[in-house]
Amino acid sequence: MRFAILLNAVLALACEAALLVAAVGIGLALPAPLPVRVVAAVLLPVVVVVVWGAFLAPRAARRLDPRGRLLTEAVLFAVAVAGLAFVGATAAAVLLAVVAGARLILGGVIGRV
């Protein structure tokens, strides 16, 4: 059980970092003029951080229950995967989907979402 908890924590950290990197990458790769891409590359990760900080962080004032956290995380990762696929980063989209999916399943099974 200890190994599963450790693995879940490591995967969670990796997925959260990958989510932020994906948000920046999506913004920069959008089919839009450069100023729009730069603004998107700044604002998309800010939106992720705000949602994460408000509802998912351990010390969030309005932290969701485990079921709500699982659903919110799944939606954030699904949107990032769709965004990566939209901008043509198919390999990154598949990798994020597999790793985030495994992390969410593991977290759900061991009760650490």
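As the structure is a computational prediction, the values presented were derived from the model and not from experiment.

**What to know about the overall build of the protein chain**
1) Next: When helices and strands are tallied, the protein chain shows four helices and zero strands.
2) Next: Element order for the protein chain, N to C, with α for helix and β for strand: α-α-α-α.
3) Next: Against the 2.2 N^0.38 benchmark of 13 Å for 113 residues, the protein chain shows a C-alpha radius of gyration of 15 Å, consistent with a compact globule.
4) Next: By its C-alpha atoms, the protein chain is 50 × 30 × 20 Å across when sized along the principal axes.

**Here we look at the packing of helix H3 (residues 66-86) against helix H4 (residues 90-110)**
Axis angle and axis distance: for two packed helices, these are the angle between their axes and the distance between the axes, and together they describe the pair.
1) Next: Where H3 meets H4, the closest approach of the two axes is 8 Å, and the angle between their N-to-C directions is 170°. Classed by the angle they form, the pair H3 and H4 counts as roughly antiparallel. As for how H3 packs across H4, the hand of that crossing is left-handed. Along its contact with H3, which presents Leu70, Glu73, Ala74, Phe77, Ala80, Val81, Leu84 and Ala85, the element H4 presents Thr90, Ala92, Ala93, Leu96, Ala97, Ala100, Arg103 and Leu104.
2) Next: Grouping the amino acids of the contact of H3 with H4 by side-chain chemistry returns 13 nonpolar, one polar and two charged.

**What about a nonpolar patch on the surface?**
1) Next: Taken together, the side chains of Val24, Leu28, Leu34, Val38, Val39, Val42, Leu43, Val46 and Val50 make up a nonpolar region of the molecular surface, amounting to roughly 750 Å² of accessible area.
2) Next: When residues of the nonpolar patch are assigned to their parent elements, the largest contribution, seven residues, is made by helix H2 (residues 34-56).
3) Next: Note on placement: valine 39 falls in helix H2.

**Structural notes on the packing of helix H1 (residues 2-29) against H3**
1) Next: Where H1 meets H3, the axes come as close as 10 Å, and the angle between the chain directions of the two elements is 40°. In terms of axis orientation, H1 runs oblique to H3. As for how H1 packs across H3, the hand of that crossing is left-handed. Residues Cys15, Glu16, Leu19, Ala22 and Ile26 of H1 touch H3, and the partners they reach there are Leu76, Phe77, Ala80, Gly83 and Leu84.
2) Next: Looking at the contact of H1 with H3 residue by residue, the classes come out as eight nonpolar, one polar and one charged.

**Description of the nonpolar core**
Soluble globular proteins: nonpolar side chains tend toward being buried together.
1) Next: Grouped together as the largest cluster of nonpolar side chains are 17 residues, with contacts concentrated most on Leu19, Phe77, Leu84 and Leu96.
2) Next: Among the elements of the structure, H1, H2, H3 and H4 are those that each provide at least two residues to this core.
3) Next: Once you skip the residues sitting within four places of it in the chain, leucine 19 turns out to touch Val48, Trp52, Leu76, Phe77 and Ala80.

**Thoughts on H1**
Given 3.6 residues per turn, any residue in an α-helix points the same way as the ones three and four places further on.
1) Next: Taking 1.5 Å of rise per residue, 28 residues should cover 40 Å, and H1 covers 40 Å from first to last C-alpha, within 8% of that figure.
2) Next: Of the positions making up H1, those classed as buried are Ala4, Asn8, Leu11, Ala12, Cys15, Leu19, Ala22, Ala23, Ile26 and Gly27.
3) Next: Of the surrounding elements, those touching the buried residues of H1 are H2, H3 and H4.

Rules used in this analysis
- Residues numbered from 1 in each chain as written.
- Predicted model: local features only at pLDDT ≥ 70, side-chain atom pairs only at ≥ 80, totals over all residues.
- Heavy atoms only, no water.
- Helix = DSSP H or I, 4+ residues; strand = E, 2+ residues; numbered from the N terminus.
- Rg over C-alpha atoms; globule rule 2.2 N^0.38 Å.
- Axes fitted to C-alpha atoms, helices over the stretch in contact; angles between N-to-C directions.
- Parallel < 35°, antiparallel > 145°, perpendicular 65-115°, else oblique.
- Left-handed = near helix turned anticlockwise from the far one by under 90°.
- Contact = heavy atoms within 4.5 Å.
- Nonpolar A, V, L, I, M, F, W, Y, C, P; charged D, E, K, R; others polar.
- Patch = residues over 30% accessible without salt bridge, like charges linked within 9 Å, V, L, I, M, F, W, Y side chains within 5 Å.
- Areas by Shrake-Rupley, 256 points an atom, 1.4 Å probe, with all protein chains shown as cover.
- Salt bridge = Lys/Arg side-chain N within 4 Å of Asp/Glu carboxyl O.
- Core = buried A, V, L, I, M, F, W, Y, C linked by side-chain atoms within 4.5 Å.
- Buried < 20%, exposed > 50% of the residue type's maximum accessible area, 1.4 Å probe, protein only.
- Expected span 1.5 Å × (residues − 1).

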